[in-house]
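Below are the chains, spelled out letter by letter.
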Amino acid sequence: MGRAFVYVILGGGVAAGYAALEFARRGVSAGELCIISEESVAPYERPALSKGFLLPEAPARLPAFHTCVGSNEERLTPKWYTEQGIELVLGTRVKSADVKRKTLTTAAGETISYKILIIATGARALKLGEFGVRESDAENICYLRNFADATKLVSIIQTCNGGNAVVIGGGYIGMECAAALVTNRIKVTMVFPEAHCMARLFTPKIADFYETYYESKGVHFIKGTVLSSFENDSDGKVTEVVLRDGTRIPTNMVVVGIGIRPNTGLFEGQLAIEKGGIKVNGRMQTSNSSVFAVGDVASFPVKLFGSDIRRLEHVDSARKTASHAVSAIIAPETISDFDYLPFFYSRVFTLSWQFYGDSVGEVIHYGDFVAGRCGAYWIDKGRIVGAFLEGGDRDDYAAIAEAVKLKMVVKEKGEVEELGVEFASRA
Ligand code: FAD
Ligand code: NDP
């Protein structure tokens, strides 16, 4: 015997929090909804973990960043869930799922059944061991995906003041953690295989802007190579990082950000999978009509890209896919297929950028790449399909977003380069 609910959200991250808010707004009854999460805390704004949470002074701490404060919405504390009659089952890992029988089984052996399931299991951080590097259990190697990882990272940072860190990976985690470490007065060496940072999104020119800025803050870049092993002391702590070319870097700590894998495992063989995620339609409904998927784990059609199926790993899509799924479940007649403008952002040091759309086609850079307020447009078939801007204000970002949404026609590329953000303002 186990518990039974009308709605179950599997996973207790960003998407779960925004789904819960939408359920509450649409009048879910007490006892109908349950959220099951492996984490020990109620849904929170995960982006805070690599930003405010790592600050040396006045760091962000729970309950301040529970969802949905990231969108200036209500802050859903554990008390809020109790008041709504939403069951929060925390510290509980689901180890198997049976979509035919509509049941989930927890690691402790409890069976929880549902009428409608929302999969919001997010993703897990890739480990170096998966790339053939022998992993030690060294306490000074840090990954960053969840609250427990971030808590460990903070405690390691506190022991390394004035010391050295090696950051493995030049993506989002690498860039944001390197900035946070510097702010904590730790000297950083970044190591990654590509020719420049953020290789999947940044052009060489954009990357050069950020790398120059990071270098001015003392960050040292080692590019085009990967690490091959660690040297440990007698306590098992890493003391040196050894690279494939034989370079040895003494260090007090290591942060690893080498990508993620969506947590699809429970549903492989039961639901359609595409692009590494659980495939859903414009209502976030999977190949089983009682099961929906949202956030990092979902691959959904992006109308703006001709309904190409995409899986996005960013907070805005987690929030919006979650709200959309709940609307589709509770009031299907009121909504149409999800129409999403992909949006990514980051904030490091005093810098801040936003990107909208797709990074395909020809790139035209604009603005001042020395002082900041610079960016790029991606043009495909004579139209703007992507736009990046560093150092803009609210109106600037709204303008570039609109330009992408409308797929503005480009008649003269020289004009786009010259006008920069102002070109988008004509949208
Ligand atoms: P998650 O928020 O990862 O939540 C998944 C939840 O499911 C977790 O609580 C997990 O424990 C739980 N779970 C998984 N499997 C099980 C299971 N079997 N049983 C029980 N529970 C399970 N994006 C941006 O756009 N901007 C940013 O600045 C930004 N910063 C980020 C900083 C960090 C440190 C990280 C890690 C990510 C950041 N992201 C950012 C990405 C963004 O946070 C994710 O896209 C978003 O969290 C995805 O939401 P989700 O609900 O799909 O998954
Ligand atoms: P990313 O995919 O952004 O970056 C991973 C980086 O590590 C890439 O540069 C990758 O190179 C590199 N890499 C891969 N394998 C190795 C290796 N063996 N040694 C060294 N480098 C390697 O993932 P992150 O880990 O940075 O981020 C994890 C998740 O968190 C993502 O979903 C991201 O979207 C999210 N996040 C988002 C933020 C934001 O939006 N502001 C902030 C923080 C996290 P290659 O490209 O060649 O594989």
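Model, not experiment: these values are computed from the prediction.

Observations concerning empty space enclosed by the protein
Then comes step 1: Applying the stated rule across the entire model yields two cavities of 30 Å³ or more.
Then comes step 2: Estimated volume of the largest cavity: approximately 70 Å³.
Then comes step 3: Secondary structure elements with two or more residues in the lining of the largest cavity: helix 4 (172-183), helix 5 (204-216) and strand 24 (343-348).
Then comes step 4: For the lining of the largest cavity, the element with the most residues is helix 4, which contributes three residues.

Thoughts on the site of ligand 2
Then comes step 1: For ligand 2, the set of nearby residues contains 20 residues, the closest of which are Ile 173, Glu 194, Gly 259, Glu 313 and Tyr 345.
Then comes step 2: Ile 173 places a main-chain nitrogen or oxygen 2.8 Å from an oxygen atom of ligand 2.
Then comes step 3: Here Ile 258 contributes a backbone N or O atom positioned 3.4 Å from an oxygen atom of ligand 2.
Then comes step 4: For ligand 2, whose free accessible area comes to 910 Å², the fraction covered by protein is 84%.
Then comes step 5: Considered class by class, the residues forming the shell around ligand 2 number nine nonpolar, seven polar and four charged.

What about the site of ligand 1?
Then comes step 1: Within the structure, ligand 1 sits among 32 residues, and Glu 39, Arg 46, Lys 51, Arg 145 and Asp 296 are positioned closest to it.
Then comes step 2: Within the side chain of Glu 39, a nitrogen or oxygen atom sits 2.8 Å from an oxygen atom of ligand 1.
Then comes step 3: In this structure, Tyr 345 approaches ligand 1 through a side-chain N or O atom, which is 3.4 Å from an oxygen atom.
Then comes step 4: Surface burial for ligand 1 is 93%, taken as the share of its 1,000 Å² of free accessible area covered by protein chains.
Then comes step 5: Those elements giving two or more residues to the shell around ligand 1 turn out to be helix 1 (14-25) and helix 6 (315-330).

Rules behind the numbers
- Residues numbered from 1 in each chain as written.
- Chains lettered and ligands numbered in written order.
- Predicted model: local features only at pLDDT ≥ 70, side-chain atom pairs only at ≥ 80, totals over all residues.
- Heavy atoms only, no water.
- 1 Å grid on protein atoms, 1.4 Å probe; cavity = no way out; pocket = protein on both sides within 12 Å on 5 of 7 lines; lining within 4 Å.
- Points joined across faces, edges and corners; volume = space filled by probe spheres on them.
- Helix = DSSP H or I, 4+ residues; strand = E, 2+ residues; numbered from the N terminus.
- Near = heavy atom within 4 Å.
- Polar contact = N/O pair within 3.5 Å; in protein donor to acceptor, adjacent residues only side chain to side chain.
- Areas by Shrake-Rupley, 256 points an atom, 1.4 Å probe, with all protein chains shown as cover.
- Nonpolar A, V, L, I, M, F, W, Y, C, P; charged D, E, K, R; others polar.

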